[in-house]
Amino acid sequence: MNNELDQLYAEVIMDHHRDPRNHGCPHNCEHKEEGFNPLCGDKVLIAVTYKETGDSIRKVYFQGEGCSISLASASIMTEEVEGLETKEALERIESFRSLLQGQGSGNLEGDVLALSGVQKFPVRIKCALLPWMTLKRILESEKGKKI
Ligand code: ZN
């Protein structure tokens, strides 16, 4: 990865950290989970609202405390999976995990690629993955369930 790209990626992460998207969980949201990363102390609460058909995500929200990587990753994730079918969102989560493990970017594009720089810092991979793994737990617990 060249320096210009590193710089661009750093700016994307800073932007999401300063101006988090979909921040704050709605009170009426029943589908939520907390995630904790003991290595860094990151805490995140992820909440999902589904479309009426029950098989697609309407919106994902987050709130939490933690390092800039974990919070920027949560913010980027909420945009990345908005409107997707549950199945597609789970695939997207797997692609993200592969990206962080240096196995290529798959079908990922846009801001989420900024987090690929994290693969050089193994300790930070858990920070970046935390919100995504928390979302995965929600989606798997709700899979196929009409709401
Ligand atoms: Zn962290």
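Residues numbered from 1 in each chain as written. Predicted model: local features only at pLDDT ≥ 70, side-chain atom pairs only at ≥ 80, totals over all residues. Heavy atoms only, no water.

Draft legend 1. Highlighting the environment of E140. Of note, E140 is situated in helix α4 (residues 122-142). On the accessibility criterion, E140 (43% relative accessible area) is partly exposed. (Helix = DSSP H or I, 4+ residues; strand = E, 2+ residues; numbered from the N terminus. Buried < 20%, exposed > 50% of the residue type's maximum accessible area, 1.4 Å probe, protein only.)

Draft legend 2. Highlighting the pattern of salt bridges. All chains considered together, the criterion is met by eleven salt bridges. Between R58 and E52 there is a salt bridge; the shortest N-O distance is 3.8 Å. On the basis of relative accessible area, E52 is assigned to the exposed category, the value being 71%. Linking R92 and E80 is a salt bridge whose minimum nitrogen-to-oxygen distance equals 2.7 Å. With R92 in helix α3 (residues 86-100) and E80 in helix α2 (residues 68-81), this pair connects stretches of sequence that are twelve residues apart. Comparing R92 with E80, the two get one shared label, buried. Residues joined in a network through salt bridges with shared partners are D15, D19, R21 and E79. (Salt bridge = Lys/Arg side-chain N within 4 Å of Asp/Glu carboxyl O.)

Draft legend 3. Highlighting the coordination of the zinc ion. Looking at the metal site, the zinc ion is ligated by C40 (SG), D42 (OD), D42 (OD), C67 (SG) and C127 (SG), spaced 2.2 to 2.6 Å from it. Among the residues examined, C67 registers a relative accessible area of 15% and is labelled buried. According to the relative accessible area criterion, C127 is buried, its value standing at 0%. (Donors = N, O, S within 2.8 Å, 3.2 Å for Na, K, Ca; no water.)

Draft legend 4. Structural context of the sheet that holds strand β3 (residues 57-65). Strands sit in the order β1-β2-β3 across an open sheet of three strands; the sheet is antiparallel. The sheet is open, and its two edges are formed by β1 (31-37) and β3, each paired on a single side. Within the sheet, the average angular offset between the axes of one strand and its neighbour, ignoring direction, is 20°. Each of β2 (42-50) and β3 is contacted by α2, which is oriented at about 175° to β3, the strand it contacts most. (Pairing = 2+ DSSP bridges. Axes fitted to C-alpha atoms, helices over the stretch in contact; angles between N-to-C directions. Contact = heavy atoms within 4.5 Å.)

Interpretation in functional terms is not warranted from these geometric data alone.
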